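# Per-entry structural report
Residue-level listing of the chains:
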Amino acid sequence: MLKIEIKRLTVFLILLYIFLSKTNYTDADIFAERKVQNNKFSAITLDFSTKNSFNNGLITSLFSSLGIVPNGFDLRAARVTQEDGANSKYYLRTIKTNGDDFLCNNLKVKVLSRNFIVLFNGLLLDLSVISNFKNTDSTDFIYFISLDEKDQKLKNKICEFNFIFKTYRDNPNEQGGIFAQRLISNVISSGNW
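Residues numbered from 1 in each chain as written. Predicted model: local features only at pLDDT ≥ 70, side-chain atom pairs only at ≥ 80, totals over all residues. Heavy atoms only, no water.

## Comments concerning the environment of Arg93
Our working definition: Secondary structure follows DSSP: runs of H or I at least 4 residues long count as helices, runs of E at least 2 residues long count as strands, and numbering of each begins at the N terminus. Summary of the burial criterion: residues with accessible area below 20% of their type's maximum are buried, those above 50% are exposed, and those between are partly exposed, where the area comes from a 1.4 Å probe applied to protein chains only. What makes two residues a contact is simply this: any of their non-hydrogen atoms within 4.5 Å. Pairs of N or O atoms within 3.5 Å make up the polar contacts considered here, provided that, within protein, one atom can donate a hydrogen while the other can accept it, and that residues adjacent in sequence are counted only when both atoms are side-chain atoms.
Mapped onto the elements of the fold, Arg93 is located in strand E4 (residues 89-99). Judged by relative accessible area, Arg93 falls into the partly exposed class, the value being 32%. Taking C-alpha positions, Arg93 is 8.3 Å from Asn162, a pair spaced 69 residues apart along the chain. Contact partners of Arg93, with chain neighbours within four places excluded, come to Leu127, Asn162, Phe163 and Ile164. Engagement of the side chain of Arg93 in a polar contact is seen with the side chain of Tyr91, the distance being 3.2 Å.

## Observations regarding the state of the cysteines
The cut-off we apply is this: In this description, a disulfide is simply a cysteine sulfur pair whose atoms lie within 2.5 Å.
Following the criterion strictly, the structure yields one disulfide and no others. At a sulfur-sulfur separation of 2.0 Å, the disulfide partner of Cys104 is Cys159. Its torsion about the S-S bond being 120°, the disulfide of Cys104 and Cys159 is classed as right-handed. Of the two residues, Cys104 is situated in helix H2 (residues 101-106) and Cys159 in strand E9 (residues 158-168); the sequence distance between them amounts to 55 residues. The pair Cys104 / Cys159 is uniform in exposure class, with both members buried.

## Re the nonpolar core
The cut-off we apply is this: By convention a nonpolar core is built from buried Ala, Val, Leu, Ile, Met, Phe, Trp, Tyr and Cys residues, the set being connected through side-chain atoms within 4.5 Å.
Of all hydrophobic cores here, the largest spans 29 residues; its most connected members are Phe141, Tyr143, Ile145 and Phe163. Secondary structure elements with two or more residues in this core: strand E2 (61-68), strand E3 (72-82), E4, H2, strand E5 (107-112), strand E8 (138-147), E9 and strand E10 (181-190).

## Considering the sheet that holds strand E7 (residues 128-132)
Here is the rule: One bridge is not enough; two strands pair if DSSP finds at least two bridges between them. Axis angles are defined between N-to-C directions and span 0 to 180 degrees, where every axis is a line fitted to C-alpha atoms and, for a helix, only to the segment in contact.
Read across the open sheet, the five strands follow the order E2-E10-E9-E4-E7; overall the sheet is mixed. Both edges of this open sheet fall to E2 and E7, since each of them pairs with a single strand only. Neighbour-to-neighbour, the strand axes of this sheet turn through a mean angle of 20°, independent of strand direction. The pairing of E9 with E10 spans nine bridges and is antiparallel. Paired with Phe161 across the bridge in E10 is Asn186.

## Details of the packing of aromatic side chains
Defined as follows: Centre distance within 6.5 Å is the pairing criterion for rings of Phe, Tyr and Trp, where only the six-membered ring of Trp is used; planes under 30 degrees apart are then read as stacked, over 60 as edge-to-face, and the remainder as tilted.
Throughout the structure, instances matching the rule amount to seven aromatic pairs. Note on Phe73 and Phe144: the rings are 4.9 Å apart at their centroids and 25° apart in plane angle, and the pair reads as stacked. Here the residue Phe73 occupies a position in strand E3, and Phe144 occupies one in strand E8, the gap between them amounting to 71 residues. By the ring-pair criterion, three or more aromatic residues cluster together here, those being Tyr90, Phe141, Tyr143, Phe161, Phe163 and Phe165.

## Observations concerning the side chain of Ser189
Considering the arrangement of structural elements, one finds Ser189 in strand E10. Not counting residues up to four positions away in its chain, the partners in contact with Ser189 are Ser65, Leu66, Gly67, Ile68, Lys157 and Ile158.

Functional significance is not addressed by these values, which are geometric in nature.
Given below as structure tokens:
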């Protein structure tokens, strides 16, 4: 009698195995599904260039003014062009990269638009201009850098700095995220008087 029960149990287990291995769905499967509707994905490119104002050639350096004296000044111009036609915000600021702190802190800058509207007037290292691109229109900047002080400690010094153009989303000082940035290097040295 035990043999018949073992045979029946064996046949049952074989049939159960065949049934379970051939079915695609069992109660042991775990499945979760969430449908999110009305999604929207968009992409934007952030690209702009810094160019010469007279021939639209790309520039990486602007000022190379050697031997500035008290009441001396120099002028340069740059054009910033949005390359992809998207509206985005950007800011311009100055970062000292090398040189004498005293000279860098005594240089003044005036930034004007093409129409001679003053965008910034103050110390070079305090430069901050916030603006935005409108389609593919370019923005022209005229830089007027001067040394107004006659202090003897300013003689034969050097100041190296970058003009930084950087796009931003919400806040000009935000960190991280996606942005475009261009640097224009500059060197100004003082003379002997």
